[in-house]
Every structure is written in C-alpha cells, then in structure tokens.
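So you can see what is in the structure, the chains are spelled out below.
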Amino acid sequence: MCGIVGYVGQRKVGDVLLKGLSRLEYRGYDSTGVAYFKGAHIEVKKSEGKLRNIEEMVKRDPSADRLQCGIGHTRWATHGRPTTQNAHPHRTNHIVLVHNGIIENFESIRADMIKLGHSPASETDSELFGFLVLEEEKKGTDFPTSVQNAFRHLEGACSVVVMSEKQPGLIVGVRNGSPLVVALDPQGGAVFASDAQPLLEYTREVFFLEHGDMAIGSEKGITFRDIRTGKEVKREKTLLDWSADKLDKQGFPHYMLKEIFEQPLTMVDTLNGLLDRARTDPFPMAQQPGLAILEKAEEIIFIACGTSWHAALLGKYWLERWAGIPVSVELASEFRYRDPVVRRGTVIIGISQSGETADTLAAVNDMRRRGIPTMAICNVRGSTMSREVDATFFTSAGPEVGVAATKTFYAQMLAVFIMAGYLGLRRGRDTASKIPHIFQQLLKVPHMLESQLQQDGKFVKQIKEVAKRVVAQKGFFFVGRGYSFPISLEGALKLKEIAYVHAEGYAAGELKHGPIAMLDEDMAVVVLAPKDGWHEKTVSNLQEVKARGARIIGIGNPDDDKMKRFSDEFIPLPMPVGGESLDESLYPFLLAPAIQLLSYEIALLKGTDIDQPKNLAKSVTVE
Ligand code: F6R
C-alpha cells in the first residue's frame, strides 16, 4: 500500500528519490520522507501530507558525496495516524528504514522491545523493525545478516528497505508478500522500488523479488539471498514492455482523463496480446498459457475486488450466454473467510489489475492450496498473483497512474470477453454462432472510440455540459439491466471515489424493491439503456423514476427518440459512422467511457483531487 524507493550509485540521490516517489504517490500519500547519506551520517527529511511538502527541503540540502545513497517512502497509514512522527523513514540509532505492508505480530514485538529497554518514538509497526535489527547486531552478525535474521521475527506480508550508518553505500531490501523490485542502474549502482514504475526511468530490465528474498544493493551491483537459508541465490531478470514516456501526463490535466482517452489504444494492445492477429480463424486466439485449463472448465469462479469485480460480473454474462458455463463472481474479502463449496472441474480466476491486492491474492491462493486450478487476469507482468497461479491472461493497459481504475477495467472487460468468445466457439454452442461476426465488429471499436475521445470532440463536450447541469444533485443512482448492470455499478463507484458524491449502482429492475422510496427532485438517476435485449424493460423502469420527479440522465443510442423524450439529459453513445449497428454484447465498451467521463467532469466541477482521491490507494496490499 505504501511506496518505497531506494538508490545507490552516482546520480544525485535526492533527485532519484523525489522522482521515484512521484511515480509512487498513487500507492499512498498520507505522508512522505527520504533519508540519504551525508558523509557517514544519514539525513532524514519527512513530513505529513504529500511529496511537495518535502521537495524543497530535499532540493535545498543535496548530498555532495561521491557515492549517493538513500531511501524514500510515501505512506498510506495503517498502524498510527498520518503524522510526521509516524512518517517513514524511521531511524533507530544508526539504522534507518522504510516499510510497506503490515507486521501482524507487532504488539508482541513492541512489548518485547520495550522490555529490552527500547522506546518507540512512533505509533507504527514499522519502527519496531529497527529495534529488531539492533538486537540481532548484538549477536555479532554483519548488517545484512542482522536484517535477514530480524526479518524472520515478522509475521504478515511486508517488505522493508534498510540502511546503516555503519555501512555507507549499502541498501538491504527484504520481501515477504508486499512487492519489491530492483534493477541495476546502467550507470552503475542499484535502484529499489515497491513497483516497477520508478525503475523504468533507468532501465526496462528488472528483478522481481520472490517471497523470502533479500536484495543487497551497492555501487557494485545487486546480490540476492534467500533469507530462510541465508544462502546467496540467482534471480532472473524480467524485461518490461512499458516505456517511461507512457508515464507522463502528456498535456492532460489529469492522469485519469489521459487514461480514459487511452482506452482505444489499450484495446488494441490487449487484443494484440491475446489474439493472434495474423491468423484469420473464426477465433484467432494466440497460444495463451492456460487455454488447456480453461477448455476443461466445467464451472468458473471469478474472484476480485472493486472495479475488477465489476469486470468479472460482465464475464459472467458473456460466458454464460456464449459458453454455457456456470459462472460465480465472488468478492475476495468475503470468499476467503467463507466455507466455499467448490465442485470438481471448477477453475478459479482471480482478476486484479495490480496482481497485488491482498484479499484477491489470499482467496486465490487458498484455492490453489486445495489443488484447484487457478488463473489470473492481470495487468502487471511479474506481479505476485501472476507468478503464483497456474496461468495468466495479461492485459496490456500499460501503467495506470490515476487511482481510479479506468483503462485497466477496460482491458479486463476485454480479457473476459475474449475468454467467453473463445470458449463459446470451442464448445460449439448455438449462441456462439455469431461470435466471429461480433469479433469483427469488436476490432472496429477502438477506431470508433478514438475519434470520439478527443478533448474538443462532441461526445466529451456533451458530457461536460450534462455534468454542469447535474453537479448539484444530492445523490445519484446508476441503473441498467443485463450488460449495463455491471457498468452501472462501476459508474456509481467512479463517482463516489473521485467526486465524493453519494451514488449507488442498481439493477434497474430492483429499484422498485426499496430504493425508489428515495427518489425526488434532488436525486439524479443515470439510466444506461442502449438498444439491447433489455432496452424496453429499462425504459419502463425509467418511467417509474420519472413519475417520482427524479432528474433522469439517459445514456443510449443516438437515434433512440424514446430515451431522448423521457430523459432530462441525454448522452448519446459513440456509434459507427454510417449507422451500422453493433451487437449488444459490445455496448459495455461504449458505456464505460461515458460513465467514466461523467464522473470525471462532476469531480472536476467539485474541485476534488481526481488522480489521488482522499483515503484511497491504488494497490491495496492490506486486508
Ligand atoms: C476503483 C479501483 C479499485 C480496484 C480494487 C482492486 O477505481 O481501482 O476498486 O479495482 O482495489 O484492485 P486490483 O484490480 O489491483 O486488484
């Protein structure tokens, strides 16, 4: 959940740490800090709040040493309030450290350390690790070995990166659970980070640490150890296909907007990754690992959280219709603590853009330990989930910086859509006969969308205007049926998380079973009703809403006069030029940008921190 960065080499350490942390702020931004060597002394600078609070301090006080060495941290508070005192790095005598994750046995460690005469200065679990290292050093071991032995006392998923004033120029990082990635600086030295993004600045060749790995970085390079055996081990490099220029805002006011606009490209990249476009088969699936597992599936259970759970719900609709496979969609945080009954022949598929979400990881792992085949849909190569399951379908959305998921959701929808299409054809079901035709239409969607997703384009301008007229509504319902239902849930989640407006997603048919009591002129109802098999039913729900005086924002086909008539505001979906119709199964790919942009424009008018909404973090590596 927090972000870690570390550097040893010849570049200016302050600059490397600040740049690295700016790439990681999406992981948490309650407080920030850095520590770097000045001679034999380690200088610590930290503050509550965002990175900008320490930027000036660091720039004004550069380390002039020949060898530059330091660590940095951006925090998402778990143990202890978001104060400067609790901010990382934590110093204990000559030991300075940063930590990500949770030390579950921190209360007993804290009691033991106090008994041994240590006085914690913060409320965090992290600081205790420094005392453990000091205690290990008393036994006569060197600095890396003391870190290794101290780490063995910890329970829970976490990673730590540590420096010692007694060993200038050495950075020791240990991982168990929470991710840690390291790379060699081509100019000499090593870079550490809690995800690969900061490393892309310097190289695309990175090492993802395994659970229980230690990396020791110095001017000379990096060595790895297995902390259980204490022996040196070799680790393989991963070549990342993300380039650093993808990380900049490229002139957009927010990453979120840039990422919404990148969705056509995401679609192309993901299609290219999953399909063999050189083939002209009815379904040119590329040789993905996991196809054999999927083909044997008698039942599928998707496990996910948040937005990824919404993508899974869509998967249920597509898979059941085309492939006739029973599909359940589970919230990871519930599933893992239930006593799920999983039949023989079931395949578990974890959906997680980061591949690091603690609940999803744990739920999928429980199933794997029971001998059930597991797969993942992930956006991050080398992520924990992708390495732990039997096979992964990788999406190709590239790095997503905005905390609210947009293009990664888009890519996840596409991955489950492709799974469903492939299995439908393999199983030769009647409902699958249209699939080759639908896939031909799908290939046109990116071009169609790209022409609409322009800042000065009609689609975007219309949504901007609607947002201005509805921004003052007290609350919002997003309703839809069929494929539009999961998108309604996603619309409500986006609005809540970035605009801080109360919103609920509902199956349109459920409104009258309770929530309709809340409707009056202060409420807005966003009705997702493209011309699909559910259209008539949704339009009749819309009339129930209209009768209660709520403000209706209709989203539908541009030629839908009925919808236009009944809606107070109408957002026409982007459609192929020339009036060619699209199969209904493709509507989610048009609806998603509409609800994302509506939420974005409302948030913009409210003046919220769109890329880094309060209380959130991008990668939820705690339960
Ligand atoms: C919402 C959002 C979250 C994530 C959820 C799961 O915009 O981003 O709801 O979808 O935390 O994250 P991943 O997909 O990384 O497992």
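Keep in mind the model is a prediction, meaning the values are calculated, not measured.

**Some details on the nonpolar core**
- Among the nonpolar cores identified, the biggest contains 101 residues, and Ile300, Phe302, Trp318, Phe476 and Phe589 are the most heavily contacted of them.
- Looking at which domains feed residues into this core, each of domain 2 (249-452) and domain 3 (454-623) gives three or more.
- Excluding its chain neighbours within four sequence positions, the residues that come into contact with Phe476 are Val470, Leu495, Val501, His502, Ala503, Glu504, Met523, Ala524, Val526, Ile553 and Ile602.
- Within the second largest apolar cluster, 26 residues are counted, among which are Val133, Val147, Cys158 and Met214.

**Looking at the site of the ligand**
- Near the ligand, the surroundings consist of 14 residues, among which Ser308, Ser352, Ser354, Thr357 and Glu497 are the closest.
- Thr307 places a main-chain nitrogen or oxygen 3.1 Å from an oxygen atom of the ligand.
- Interatomic distance of 2.9 Å between a backbone N/O atom of Ala405 and an oxygen atom of the ligand.
- Contact with the protein chains removes 90% of the 410 Å² of surface that the ligand exposes when unbound.
- Mapped by element, the contributors of at least two residues to the shell around the ligand are α9 (306-323) and α17 (484-499).
- Here the element with the most residues in the shell around the ligand is α9; it accounts for three residues.
- Residues of the shell around the ligand, tallied by class, amount to five nonpolar, seven polar and two charged.
- Both domain 2 (249-452) and domain 3 (454-623) contribute no fewer than three residues apiece to the shell around the ligand.

**A short note on the environment of Gly72**
- On the secondary structure map, Gly72 appears in strand β4 (residues 68-75).
- Separated by 17 residues in sequence, Gly72 and Pro89 have C-alpha atoms that sit 6.8 Å apart.
- With residues up to four places along the chain from it excluded, the contact list for Gly72 reads Gly3, Ile4, Val5, Leu17, Leu21, Gly33, Val34 and Val98.

**Things to note about the packing of helix α4 (residues 128-137) against helix α5 (residues 143-151)**
- Look at α4 against α5: their axes get within 8 Å of each other, and the N-to-C directions meet at 120 degrees. As far as their axial angle goes, α5 and α4 are oblique. When you trace α4 past α5, the crossing you get is right-handed. Side by side, α4 and α5 meet where Phe129, Leu132, Val133, Glu136 and Glu137 of the first sit next to Phe143, Ser146, Val147, Asn149, Ala150 and Phe151 of the second.
- Residue composition of the contact of α4 with α5, grouped by class: seven nonpolar, two polar and two charged.

**Quick look at the pairing of strand β10 (residues 189-193)**
- Of all five residues making up β10, five are buried, and the element is well covered by its neighbours.
- Alternating residues of β10 divide into Gly189, Val191 and Ala193 and Ala190 and Phe192, and every residue in both groups is buried.
- The pairing of strand β1 (residues 3-9) with β10 spans five bridges and is antiparallel. Looking at β10, one finds that Val8 is bridged to Ala190.
- Pairing between strand β9 (residues 181-184) and β10: four bridges, direction antiparallel. By the bridge assignment, Val182 is partnered in β10 with Phe192.

**Structural notes on the domain arrangement of the protein chain**
- The domains assigned to the protein chain are domain 1 (3-241), domain 2 (249-452) and domain 3 (454-623).
- Taking the mean C-alpha position of each, domain 1 and domain 2 sit 34 Å from one another.
- Contacts between domain 1 and domain 2 engage twelve residues on the former and ten residues on the latter.
- Where domain 1 touches domain 2, the interface holds one salt bridge.
- For the salt bridge of Glu210 with Arg387, the shortest nitrogen-to-oxygen distance reads 3.5 Å.

The rules we used
Residues numbered from 1 in each chain as written. Predicted model: local features only at pLDDT ≥ 70, side-chain atom pairs only at ≥ 80, totals over all residues. Heavy atoms only, no water. Core = buried A, V, L, I, M, F, W, Y, C linked by side-chain atoms within 4.5 Å. Buried < 20%, exposed > 50% of the residue type's maximum accessible area, 1.4 Å probe, protein only. Domains from an automatic or database assignment. Contact = heavy atoms within 4.5 Å. Near = heavy atom within 4 Å. Polar contact = N/O pair within 3.5 Å; in protein donor to acceptor, adjacent residues only side chain to side chain. Areas by Shrake-Rupley, 256 points an atom, 1.4 Å probe, with all protein chains shown as cover. Helix = DSSP H or I, 4+ residues; strand = E, 2+ residues; numbered from the N terminus. Nonpolar A, V, L, I, M, F, W, Y, C, P; charged D, E, K, R; others polar. Axes fitted to C-alpha atoms, helices over the stretch in contact; angles between N-to-C directions. Parallel < 35°, antiparallel > 145°, perpendicular 65-115°, else oblique. Left-handed = near helix turned anticlockwise from the far one by under 90°. Pairing = 2+ DSSP bridges. Salt bridge = Lys/Arg side-chain N within 4 Å of Asp/Glu carboxyl O.

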